[in-house]
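# Tertiary structure, described
One letter stands for each residue in the lines below.
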Amino acid sequence: MYHKTLIYVFLVCSGLVSVLIVFVWLGGNQVSPLRPICDLRVLDHFVQEARDSEVIMRGCRGGCGVMKSYFVPLTRVDFAVWEHIDVQSQAVEVQTGLSLLVQALSTAKITVSNSPLASTLDNNISNIHSLGQILHSLDLQQARSTVLPDDSAPASSQMQEVSSLPELLQVQSSFLRGKVRLLLSAAPACQRQNS
């Protein structure tokens, strides 16, 4: 019982730390337009939390959700093709992928009765929303949500289907390390800031 409580406290605290980190980088009490957030350490923090979620899921013994199919973004990147796609199209793909992840994580959370795991899923959803705000701060064209209305819809060329929560969490981690990192690294606002 002590171990579960400790994990729960850790998850709640790490979620608050994530929000505070983004809040501080956004400028806290600023009313002016958001400054671009190009420091990849923020993304690294979210990636680490996604990996921690995978570990928690592997250790889950009860109330860990039901086996279900989830539509998630593709994580593989053909670098030769990616480099020739304009940044706005990359942003649309990444934001669509983030929307898919939020939808899948929200659906998964409904099936979870394990309190620490539900809390970590909430934290992951919050982190993805924070990433959306970071992308917004880079002044990239906002993607219109192309999230499927339900899990029974057919998959498109930008999606894949996974059949378990561990697979979903693995895709989340891979997507953040891959396409999200590439987009943040190449964003024009970050290129100007680094010059």
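Procedures and definitions
- Residues numbered from 1 in each chain as written.
- Predicted model: local features only at pLDDT ≥ 70, side-chain atom pairs only at ≥ 80, totals over all residues.
- Heavy atoms only, no water.
- UniProt positions renumbered as here; feature names shortened; annotations may be inferred.
- Helix = DSSP H or I, 4+ residues; strand = E, 2+ residues; numbered from the N terminus.
- Buried < 20%, exposed > 50% of the residue type's maximum accessible area, 1.4 Å probe, protein only.
- Contact = heavy atoms within 4.5 Å.
- Areas by Shrake-Rupley, 256 points an atom, 1.4 Å probe, with all protein chains shown as cover.
- Salt bridge = Lys/Arg side-chain N within 4 Å of Asp/Glu carboxyl O.
- Expected span 1.5 Å × (residues − 1).
- Bend = angle between axes of the 7 residues up to and from the residue.
- Axes fitted to C-alpha atoms, helices over the stretch in contact; angles between N-to-C directions.
- Parallel < 35°, antiparallel > 145°, perpendicular 65-115°, else oblique.
- Left-handed = near helix turned anticlockwise from the far one by under 90°.
- Nonpolar A, V, L, I, M, F, W, Y, C, P; charged D, E, K, R; others polar.

- The name given to the chain in an unreviewed UniProt entry is Erythropoietin, and the organism recorded there is Culter alburnus.
- Listed in UniProt under the heading Sequence similarities (unreviewed entry), the comment for the chain reads: "Belongs to the EPO/TPO family."
- Under the heading Subcellular location (unreviewed entry), UniProt records this for the chain: "Secreted".

## Quick look at the overall build of the chain
- A count of helices and strands for the chain gives seven helices and two strands.
- Of all 195 residues assigned to the chain, the portion counted as buried reaches 44%.
- Across the chain, the fraction of contacts at a sequence separation of at least 24, relative to all contacts at a separation of at least 6, is 87%.
- Roughly 10,300 Å² of accessible area belongs to the chain as shown, and the carbon and sulfur atoms make up 58% of that amount.

## Some details on the pattern of salt bridges
- This model, assessed by the stated rule, comprises five salt bridges.
- Here Asp-44 makes a salt bridge to Arg-181, at a shortest N to O gap of 2.0 Å. Here Asp-44 is found in helix H2 (residues 40-59), whereas its partner Arg-181 is found in helix H6 (residues 165-186), with 137 residues between them in sequence.
- Across the pair Lys-109 and Asp-122 runs a salt bridge, and its minimum N-O distance is 3.5 Å. Placement of Lys-109 in helix H4 (residues 87-110) and of Asp-122 in helix H5 (residues 115-137) is noted, with a sequence separation of 13 residues between them.

## Quick notes on H6
- With 22 residues, H6 should reach 32 Å at 1.5 Å per residue; the first-to-last C-alpha distance of 31 Å fits that figure.
- If you look at H6, its biggest bend is around 35°, right at Phe-175.

## Some details on the packing of H5 against H6
- At a closest axis distance of 13 Å, the pairing of H5 and H6 adopts a crossing angle of 20°. As judged from the angle between their axes, H5 and H6 are roughly parallel. Crossing handedness for the pair H5 and H6: left-handed. From H5, Leu-117, Leu-121, Asn-124, Ile-128, Leu-131, Ile-134 and Leu-135 reach across to H6, where they touch Leu-165, Leu-169, Gln-172, Leu-176, Val-180, Leu-183 and Leu-184.
- By residue class, the composition of the contact of H5 with H6 is 12 nonpolar, two polar and no charged.

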